[in-house]
Amino acid sequence: MAKNAGSAEERPETMSERSVAEGIDPSRKAQEDTNVSLGPHQKDAETANAKAQARQKKGDELYKIGYASELGLHGPKNFKRALRFYKDAATHDNAAAQFRLGLIYLRSPEMDPRGKKAYRYLERAAKQGHAEAQYRLAQCYERGSGTEKNMKQARYWYAKARSQGFTVRTRP
């Protein structure tokens with residue numbers, strides 16, 4: 001019994017078998033497929049992504065220097081230096097730096113008598129998903145610190161923090 005030229009028994013099963021049957025190296029075919037360009041929009045997106053990653057990396061580096069300065073990890077504690085690096089990191093949208101600045105201003109009423117700076121930095125960090133910043137922002141709304149009292153907003157931010165697993169640690 002002769003096999004038909006187009007029967008399923010003679011047809012290659014996989015793409016690589018088909019490529020071999022057609023005389024094409026399967027690894028080269030796969031490479032060509034991945035090199036297909038989507039045009040200028042893809043390049044714009046890649047450029048924007050690279051810039052965002054570089055911005056985030058710079059913010060992370062600045063935050064680490066600020067944190068080390070605040071705690072004195074690489075020499076004596078230097079609060080002014082820490083503030084400077086935290087502020088620079090905050091301009092790079094670093095949520096951890098924004099949170100640290102918010103805490104500093106909350107705990108230093110002489111630097112921020114009305115709590116507006118604390119509120120502003122905590123809000124920026126909270127909107128980026130920083131759980132403890134969300135909790136502290138809820139406290140600002142509850143107490144009217146840096147903003148008008150707003151229990152609806154306080155409940156909202158408490159719930160956001162709780163949904164991320166944030167709980168208030170109590171001291172023994």
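To be clear, the structure that these remarks concern was listed above.
Predicted model, so just to flag it, every value in this text is computed and none were measured.

Novice: Explain the overall build of the protein to me, please; I cannot follow it from the model alone.
Specialist: Secondary structure assignment for the protein yields 8 helices and 0 strands. Listing every helix and strand of the protein by position from the N terminus yields α-α-α-α-α-α-α-α. Across the 172 residues in the protein, those meeting the buried criterion constitute 30%. Entry remark: accessible area of the protein is about 12200 Å², with carbon and sulfur atoms responsible for 51%.

Novice: Help me out: how do you make sense of the nonpolar core in this one?
Specialist: Where a protein is soluble and globular, its nonpolar side chains tend to be buried together. The biggest cluster of nonpolar side chains holds 19 residues, and the ones touching the most others in it are Phe99, Ala133, Leu137, Tyr141 and Trp157. Counting only elements with at least two residues in this core, the list comes to α5 (95-107), α6 (116-127), α7 (131-143) and α8 (151-163). Take this core: its biggest share by element is 7 residues, from α7. Sequence-distant contacts of Leu137, that is, excluding residues within four places in its chain, are made with Tyr119, Leu122, Glu123, Ala126 and Trp157. Counting 14 residues, the second-largest nonpolar core is a separate cluster that includes Tyr63, Phe85, Ala118 and Tyr121.

Novice: Mind showing me how you'd approach a positive patch on the surface here?
Specialist: There is a patch of like positive charges on the surface, built from Lys87, Arg114, Lys116, Lys117, Arg120 and Arg124. Within the secondary structure, Lys116 is located in helix α6.

Cut-offs applied
- Residues numbered from 1 in each chain as written.
- Predicted model: local features only at pLDDT ≥ 70, side-chain atom pairs only at ≥ 80, totals over all residues.
- Heavy atoms only, no water.
- Helix = DSSP H or I, 4+ residues; strand = E, 2+ residues; numbered from the N terminus.
- Buried < 20%, exposed > 50% of the residue type's maximum accessible area, 1.4 Å probe, protein only.
- Areas by Shrake-Rupley, 256 points an atom, 1.4 Å probe, with all protein chains shown as cover.
- Core = buried A, V, L, I, M, F, W, Y, C linked by side-chain atoms within 4.5 Å.
- Contact = heavy atoms within 4.5 Å.
- Patch = residues over 30% accessible without salt bridge, like charges linked within 9 Å, V, L, I, M, F, W, Y side chains within 5 Å.
- Salt bridge = Lys/Arg side-chain N within 4 Å of Asp/Glu carboxyl O.
- Lys, Arg positive; Asp, Glu negative; His and termini not counted.
- Charge placed at Lys NZ, Arg CZ, Asp CG, Glu CD.

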